[in-house]
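Structural characterization, general
If you want the building blocks of each chain, they are given just below.
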Amino acid sequence: MKSEGIILDTIDYKESSKIIHLYTPQGKISVKALGANKPKNGLLGFTTIGNQVSFIITDSKLPTLVEYNVESSIYKISEDFLRVKCFMVMLNIINHIPEDNNHGPIYSTFKKMLKDILTENPKKLLCIFLVKMLYAFGIAPNLKTCVSCGSSDIKFLDLDKGGAFCDNCSSLKNQDELYIIKEYYFGKKEIKDFTACNYDSLLKALRDYYFRYASISIKIQGLLN
């Protein structure tokens, strides 16, 4: 069986092998990599967390790796603490993705983020990723109508209350925040083309939102200025 995926983590298996956990367009799977712990085994690319790989495995309950190819490596992020931290947060989110999801779009988004993590602003990348992943947990705020009266003439955003508000239902004056969240959530453009914002402020708001509505703890210490 041929597929593709992104390495999430690995664990030792028996004396010289590993179990590799991957995220694929079909969801999370586990694969046996026989002899992965042996010196000069040639399996480094299939055991490096964050690598995007194509592979062939046996058709069994716990499939065995037959062959693989590294399509993209993020090995160089180890040279940049900020990029490593952002990657670890993304990895944590992917590991929490509920199984009963349409994994194809989630995989595509994750794959795109890892492609850009070596070149784009990592905090911008992380903010966009966290906003886009809200739908995967079923906790996306209402960004189309006022959560109080249902009006489509929305002007402001209150994440604590679950979404957007019209001028008549809120005294907030944060149109920029609403614009950013809508752009990040619905936008399909290149990362460099997304609007810049106060990433530290947005990361704090998203951290609190994920904890409140999905009980996921996002560790952003070390990311904030």
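Structure first, text after, so check above.
This one's a predicted model, so the numbers in the text were calculated from it and none came from an experiment.

**Quick word on the sheet that holds strand β1 (residues 2-13)**
Ordered in space as β3-β2-β1-β4-β5, the 5 strands form an open sheet in which the pairing is antiparallel. A single partner strand is all that each edge strand has here, and the edge strands are β3 (27-33) and β5 (65-72). Adjacent strand axes in the sheet meet at a mean angle of 40° when their direction is disregarded. In this sheet, β3 lies alongside strand β2 (residues 17-24) in antiparallel orientation, the contact comprising 7 bridges. Bridge pairing in β3 links Thr24 to Gly27. Packed onto the sheet, helix α2 (residues 81-96) meets β1, β2 and β3 and runs at close to 100° relative to β1. Sitting on the sheet, helix α3 (residues 103-116) touches β1, β2, β3 and β4 (52-57), and the angle it makes with β1 is about 75°.

**Some thoughts on α2**
Given a rise of 1.5 Å per residue, 16 residues ought to cover 22 Å, and the 23 Å separating the end C-alpha atoms of α2 matches this to within 8%. Considered for burial, the residues of α2 that qualify are Arg83, Lys85, Cys86, Phe87, Val89, Met90, Leu91, Ile93 and Ile94. Among the structural elements, β1, β2, β3, α3, α4 (122-132) and α6 (199-214) are those in contact with the buried residues of α2. Here α2 starts with a cap whose side-chain oxygen sits 3.0 Å from the backbone nitrogen of Leu82, and that cap is Asp80.

**Describing the pairing of strand β6 (residues 154-158)**
For β6, the tally of buried residues reaches 4 of 5 residues, placing the bulk of the element in the interior. Two strands pair when backbone bridges link them, and β6 and strand β7 (residues 163-166) are joined in this way by 4 bridges, in the antiparallel orientation. When the bridges of β7 are listed, Leu157 appears paired with Ala164.

The rules behind these values
Residues numbered from 1 in each chain as written. Predicted model: local features only at pLDDT ≥ 70, side-chain atom pairs only at ≥ 80, totals over all residues. Heavy atoms only, no water. Pairing = 2+ DSSP bridges. Helix = DSSP H or I, 4+ residues; strand = E, 2+ residues; numbered from the N terminus. Axes fitted to C-alpha atoms, helices over the stretch in contact; angles between N-to-C directions. Contact = heavy atoms within 4.5 Å. Expected span 1.5 Å × (residues − 1). Buried < 20%, exposed > 50% of the residue type's maximum accessible area, 1.4 Å probe, protein only. Polar contact = N/O pair within 3.5 Å; in protein donor to acceptor, adjacent residues only side chain to side chain.

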